[in-house]
Amino acid sequence: MRAVVTCECCGHRQAIARQIVRPELFNLVCHSCEGVLRVEVTVGDLQAAQHATGKKTQPVAWV
Ligand SMILES: [Zn+2]
């Protein structure tokens, strides 16, 4: 599944280009303000996305 990350600095939303299938921690550079976003995907995030409970985990949203 794919994630959309909202920048904490400018609010720009950007999709992660690759699929995320396991818990991981990575950095993403905002395309708008070039701030570095630290994104942490947990097991809980993945389970919530798979079960589509409607619960949104900020700042990562699943699409
Ligand atoms: Zn930004």
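Cut-offs and rules
Residues numbered from 1 in each chain as written. Predicted model: local features only at pLDDT ≥ 70, side-chain atom pairs only at ≥ 80, totals over all residues. Helix = DSSP H or I, 4+ residues; strand = E, 2+ residues; numbered from the N terminus. Buried ≥ 20, exposed ≤ 12 C-beta atoms within 10 Å, placed from the backbone. Contact = placed C-beta atoms within 7 Å. Pairing = 2+ DSSP bridges. Axes fitted to C-alpha atoms, helices over the stretch in contact; angles between N-to-C directions.

Peer 1: Which parts of the structure should I look at to understand the overall build of the protein?
Peer 2: Looking only at helices and strands, the protein has 1 helix and 5 strands in total. Ordered by position from N to C terminus, the α and β elements of the protein give β-β-β-β-α-β. Among the 63 residues that make up the protein, the fraction classed as buried is 8%. Considering only contacts in the protein between residues 6 or more positions apart, those separated by 24 or more positions represent 32%.

Peer 1: So what exactly am I meant to see when it comes to the pairing of strand β4 (residues 36-41) here?
Peer 2: Remember that side chains alternate between the two faces of the sheet whenever the strand is regular. Bridge count for strand β3 (residues 24-29) against β4 is 6 bridges, and the pairing is antiparallel. Each residue of the ladder has a partner; that of F26, found in β4, is V39. A loop of 6 residues connects β3 with β4, the two strands running antiparallel in sequence, and E34 in this loop sits at a positive phi of about 65°.

Peer 1: Even after reading the chapter, I still don't get the sheet that holds strand β5 (residues 60-62), so can you show me in this structure?
Peer 2: Pairing between the strands of a sheet is mediated by backbone hydrogen bonds and can be parallel or antiparallel. Reading across the sheet, the 3 strands line up as β2-β1-β5 and stay open at both edges, with antiparallel pairing between neighbours. At either margin of the open sheet sits one strand with a lone partner, and together these are β2 (13-15) and β5. Across the sheet, the mean angle from the axis of one strand to that of its neighbour is 30°, orientation sign disregarded. Pairing between strand β1 (residues 3-6) and β2: 3 bridges, direction antiparallel. Bridged to V5 within β2 is Q14.

Peer 1: Would you take a moment to explain the environment of E8 for this structure?
Peer 2: On the secondary structure map, E8 appears in the loop between β1 and β2. Residue classification places E8 among the partly exposed positions, given that 14 C-beta atoms sit within 10 Å. For the pair E8 and R38, spaced 30 residues apart in the sequence, the C-alpha separation amounts to 9.8 Å.

Peer 1: Looking at this structure, I do not really get unusual backbone geometry. What am I missing?
Peer 2: For residues besides glycine, phi is generally negative; the peptide bonds are generally trans as well. Residues other than glycine seldom take positive phi values, yet E34 does so here, at roughly 65°. Inspection of the secondary structure assignment puts E34 in the loop between β3 and β4. E34 gets classed as exposed once you count the C-beta atoms within 10 Å, which come to 10.

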